[in-house]
Amino acid sequence: MSASSAFSDEKGGSSSVGEPEYGHDPASGGIFSSDYKRHDDLKEMLDSNKDSLKLEAMKRIVAMIARGKNTSDLFPAVVKNVACKNIEVKKLVYVYLVRYAEEQQDLALLSISTFQRGLKDPNQLIRASALRVLSSIRVTIIVPIMMLAIKEAASDMSPYVRKTAAHAIPKLYSLDPEQKDQLIEVIEKLLADKTTLVAGSVVMAFEEVCPERIDLIHKNYRKLCNLLVDVEEWGQVVIINMLTRYARTQFLNPNLNECLLEEGGESTFYGSDADQDEDEDEDKKDEALSKRKPYVMDPDHRLLLRNTKPLLQSRNAAVVMAVAQLYFHLAPKAEVGVIAKALVRLLRSHSEVQYVVLQNVATMTIKRRGMFEPYLKSFYIRSTDPTQIKVLKLEVLTNLASETNISTILREFQTYIKSMDKDFVAATIQAIGRCATHIGEVRDTCLNGLVQLLSNRDELVVAESVVVIKKLLQMQPEKHSDIIKHMAKLTDNIQVPMARASILWLIGEYCEHVPKIAPDVLRKMAKTFTNEEDIVKLQIINLAAKLYLTNSKQTKLLTQYVLNLAKYDQNYDIRDRARFIRQLIVPTDKCGALSKYAKKLILALKPAPILESPFKDRDHFQLGSLSHLLNTKAGGYQELPDWPQDAPDPSVRNVEVPEWTKCSSREKRKEKKVEKPFYSDSEGESGPTESADSESDSASSSASGSEQSGSGSEESEESEERSDSDEEEEEEEEEYMSLDVLMGTISPSGSLKSYELLHRITGEGLWVEYCFSRQPFLPDPHMVAVQIQFTNSAATEAKSLRLEEAKLQSGMRVKEFPEIEVLPAGESATVVMGVDFCDSTQAANLQLCTHSRKFFVSIQPPVGELMTPSFMTENEFKKEQGQLMGMNEITEKMQLPERCQNEHAIVQRVIAAANLSRVPCGSDKEFAGRTVTSGSLVLVTVATKESGPSQLTINCEKMVIGTMLVKDILLALTQ
């Protein structure tokens with residue numbers, strides 16, 4: 001029986017032994033008081049010769065530990081059974097020893113020889129448990145024994161034991177840091193382990209012991225990326241966080257040019273006084289950008305992004321958060337948006353998960369607001385949300401506010417103000433103030449709404465409104481003197497100190513706008529001065545000083561009265577402020593030089609406050625970390641490295657391939673002829689070396705074919721020709737398939753289906769057709785290449801032919817072709833233009849212009865033309881297909897006609913219907929492609945049967961495209 005079964009038996013209540021002992025005694029009214037007697041019974045059972053009694057005793061002891069009871073006094077009796085021959089007893093003994101080995105170190109040392117024998121046990125669980133107990137004994141005297149045990153376990157045949165060895169490394173390092181060099185050797189050995197069970201544990205040990213030794217990661221980088229999907233969830237989080245920091249040291253910033261442009265914009269703003277300096281700076285920046293090489297992403301950088309993307313669908317919130325922070329810190333700006341949907345999904349989890357996710361989303365929305373704007377409604381607040389969740393959602397909504405959605409957000413805020421949660425209402429009012437600060441168009445609307453709140457019955461709402469209004473009025477005080485007068489009347493009713501202080505500050509700062517009201521407010525405040533809070537008293541002194549300088553006739557005596565009251569106040573800050581103000585504004589014989597500048601000092605213009613998000617500067621902490629959550633550096637936190645200026649050498653990640661694994665020359669030639677297109681994008685561990693080998697082979701073959709070659713090279717050429725001629729017959733048989741099926745994914749221009757854009761009658765002799773060339777559009781790979789043919793069948797020449805945008809759907813873009821100046825009568829001209837259809841079959845509305853007329857035309861793409869071929873192996877196809885199941889899979893059964901029964905006919909019709917590529921060596925007819933705009937994967941499988949209907953399966957990230965594609969391919973195969 002295993003330890004887990006022992007827990008289930010004890011908790012499930014199926015065991016009849018011992019239940020009354022742990023139950024409630026109805027006679028005594030409490031738990032049985034004989035704990036010592038119970039422990040004595042357990043000791044007797046442990047000393048018994050029967051394994052069944054020992055096993056029962058250990059089950060009870062482990063159950064007591066699980067319930068939080070102290071069983072340390074049983075340590076001597078338990079440790080004696082570590083040599084028991086019964087495997088089940090021994091497992092539970094080790095579970096107990098792991099718990100109490102640190103507390104009972106002296107007794108544990110007495111059995112150390114038994115633990116060492118356990119390291120040689122044939123059972124892997126016993127070996128792992130013995131090492132776990134040994135590493136839990138925190139005594140420096142056994143450090144050599146622990147080191148030897150870890151080294152032996154690192155070479156164990158069982159991956160579970162090697163995993164335990166990786167867990168023991170940080171324990172030994174914390175006990176004796178001088179063992180670091182030897183432990184690094186063990187870590188290096190375990191990093192080369194190819195099992196997923198060990199990967200996460202050894203990376204954790206690496207992070208604890210030697211995180212600065214990134215040279216240990218170089219050779220294992222690609223392996224870790226490829227193993228990532230299969231590692232357990234805890235290991236995935238550890239590996240992703242480590243690879244994030246590794247990538248920041250080894251790859252270039254993919255957003256570097258955008259960062260330089262942003263910095264340039266900021267410098268222009270702040271340096272607007274010196275136009276000449278601006279021009280020079282701009283010239284220097286343009287020069288620097290022109291000298292900088294165009295950015296090309298490192299294949300290893302792309303490998304990391306591609307292999308972590310599927311983990312956004314993980315059920316574990318920590319894994320999703322780890323991938324999200326990796327994309328935020330490493331991905332190009334255009335690709336970061338994929339994490340938004342996954343993070344929004346996590347908002348349906350428990351409140352603890354929501355809290356952490358919203359903290360990170362609030363930080364992301366400051367710099368990458370656009371990626372969360374489509375999910376605005378997901379951040380609306382529910383009445384059941386805890387206060388801390390409500391405040392964070394408010395923060396996100398405020399960060400997402402823009403000119404387009406501010407009206408929706410403000411309507412939502414109006415509802416929140418009616419909440420019974422006063423802290424939440426106060427946060428909502430502050431959010432309204434921030435929106436008004438950043439979006440000038442709604443400032444007056446927000447201000448009027450806040451003024452209406454001043455009549456609210458709740459004093460806390462009124463007080464918070466006053467504080468926010470004060471900050472908004474500082475931006476345009478001269479336009480809002482009526483509001484200042486209205487707020488001055490509130491001093492009789494509002495009792496919240498901060499609100500009273502804010503009103504007094506406003507009246508004092510803008511006393512010239514309310515010259516009649518300000519002295520009366522000072523009179524009222526002087527009466528209640530001794531009963532006010534300290535913060536209010538300080539503002540009364542400031543108000544008196546400002547009125548003394550601007551209206552001394554009415555307020556001279558009042559000011560002296562207030563200063564005299566403050567002179568004897570209990571708070572020393574108020575006494576000091578009164579003395580300072582008196583010496584500054586009241587002229588005397590002993591006045592210092594500062595008195596001359598009293599007005600400049602006290603009545604100086606104050607800049608309007610900038611209401612900023614509290615999450616503004618948190619992005620220097622790694623997202624998802626405890627330091628980011630607390631906004632302070634926590635113990636053990638490792639700083640996120642800065643991007644390097646120059647790209648480090650990528651060859652350090654190349655792994656040498658053993659000679660026996662390399663292909664023969666004949667196999668290499670086959671690879672070059674057939675497999676090269678499909679493996680050119682792969683980034684396995686041996687990819688760079690194999691490609692280098694193939695290049696060297698091709699170079700050597702070309703050299704042997706030159707006229708200047710020696711006799712040896714001629715002989716090798718002849719031998720190659722002979723071997724090639726032996727294969728000619730086989731290749732001729734497969735030539736039809738290899739050309740049409742493998743390489744023939746792009747139809748020749750002669751067989752492309754044409755569509756009429758402008759009829760010759762409507763166009764007055766000008767006839768225009770278009771087709772989809774299925775060639776990459778070089779200026780922008782995210783656009784579909786459309787080939788347009790102009791034919792002039794009129795008697796006169798056509799001039800100034802061009803296509804312009806008319807009313808395009810949201811997001812669509814058109815790359816126009818150069819204008820055709822003259823098209824003679826009877827002649828034709830062909831041009832190519834690019835259209836970004838946004839993965840939609842909606843028509844692109846255009847305007848065809850000539851020198852005398854304008855025609856409204858439209859280009860509507862079939863769904864199959866919105867794709868581009870994606871070359872992948874069968875294994876890659878199956879892996880991607882496994883991740884696009886459920887709602888992303890559409891299956892239809894069909895009856896193929898007789899002329900469409902053979903493989904070639906099926907492949908030809910599928911490729912004619914959709915711009916896809918054939919997957920080689922597949923058991924079924926498999927095709928792969930990606931949508932041109934978003935790069936969403938499209939997988940098509942046609943499974944034929946000798947008897948019965950065939951089956952068409954489409955797996956697509958975009959369900960709408962998959963549904964339309966099913967109809968088109970079904971029509972192509974069955975017509």
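Residues numbered from 1 in each chain as written. Predicted model: local features only at pLDDT ≥ 70, side-chain atom pairs only at ≥ 80, totals over all residues. Heavy atoms only, no water.

Labelled according to an unreviewed UniProt entry, the chain appears under the name AP-3 complex subunit beta, originating from Gadus morhua. Comment text from UniProt for the chain, heading Sequence similarities (unreviewed entry), reads "Belongs to the adaptor complexes large subunit family." (UniProt positions renumbered as here; feature names shortened; annotations may be inferred.)

This next bit is on the nonpolar core. Core analysis: the largest hydrophobic core is formed by 202 residues, its most contacted members being Tyr-96, Leu-97, Leu-343, Met-364, Phe-379 and Phe-413. Broken down by element, the residue count for this core peaks at 10 residues, all from helix H20 (residues 317–330). Filtering out sequence-adjacent residues up to four positions away, Met-364 remains in contact with Met-321, Ala-324, Phe-328, Ile-339, Leu-343, Arg-369, Met-371, Phe-372 and Leu-623. Of all hydrophobic cores here, the second largest spans 30 residues; its members include Phe-790, Ile-820, Leu-866 and Val-932. (Core = buried A, V, L, I, M, F, W, Y, C linked by side-chain atoms within 4.5 Å. Buried < 20%, exposed > 50% of the residue type's maximum accessible area, 1.4 Å probe, protein only. Helix = DSSP H or I, 4+ residues; strand = E, 2+ residues; numbered from the N terminus. Contact = heavy atoms within 4.5 Å.)

This part is about the packing of helix H24 (residues 406–416) against helix H25 (residues 422–438). Close contact between H24 and H25 brings their axes to 10 Å; oriented N to C, the two are set at 155°. Classified by the interaxial angle, the pair formed by H24 and H25 is roughly antiparallel. For H24 against H25, the interelement crossing comes out left-handed. From H24, Ile-406, Phe-413 and Tyr-416 reach across to H25, where they touch Phe-424, Val-425, Thr-428, Ala-431, Ile-432 and Cys-435. In terms of residue class, the contact of H24 with H25 is built from eight nonpolar, one polar and no charged. (Axes fitted to C-alpha atoms, helices over the stretch in contact; angles between N-to-C directions. Parallel < 35°, antiparallel > 145°, perpendicular 65-115°, else oblique. Left-handed = near helix turned anticlockwise from the far one by under 90°. Nonpolar A, V, L, I, M, F, W, Y, C, P; charged D, E, K, R; others polar.)

So, about the pattern of salt bridges. Applying the stated criterion to the full structure yields 33 salt bridges. Across the pair Lys-163 and Glu-232 runs a salt bridge whose closest N-O atoms are separated by 3.2 Å. Of this pair, Lys-163 sits in helix H11 (residues 159–175) while Glu-232 sits in the loop between helix H15 (221–227) and helix H16 (233–250), and the two are 69 residues apart along the sequence. The exposure class assigned to Lys-163 is buried, which follows from its relative accessible area of 13%. Among the residues examined, Glu-232 registers a relative accessible area of 27% and is labelled partly exposed. Linking Arg-802 and Glu-804 is a salt bridge whose minimum nitrogen-to-oxygen distance equals 2.7 Å. Residue classification places Glu-804 among the partly exposed residues on the basis of a relative accessible area of 25%. Each of Arg-222, Asp-298, Asp-300 and Arg-653 takes part in salt bridges that share partners, so that together they form one network. (Salt bridge = Lys/Arg side-chain N within 4 Å of Asp/Glu carboxyl O.)

On the surface, Asp-40, Asp-41, Glu-44 and Asp-73 cluster together into a negatively charged patch. What makes Asp-40 partly exposed here is its relative accessible area of 41%. (Patch = residues over 30% accessible without salt bridge, like charges linked within 9 Å, V, L, I, M, F, W, Y side chains within 5 Å. Areas by Shrake-Rupley, 256 points an atom, 1.4 Å probe, with all protein chains shown as cover. Lys, Arg positive; Asp, Glu negative; His and termini not counted. Charge placed at Lys NZ, Arg CZ, Asp CG, Glu CD.)

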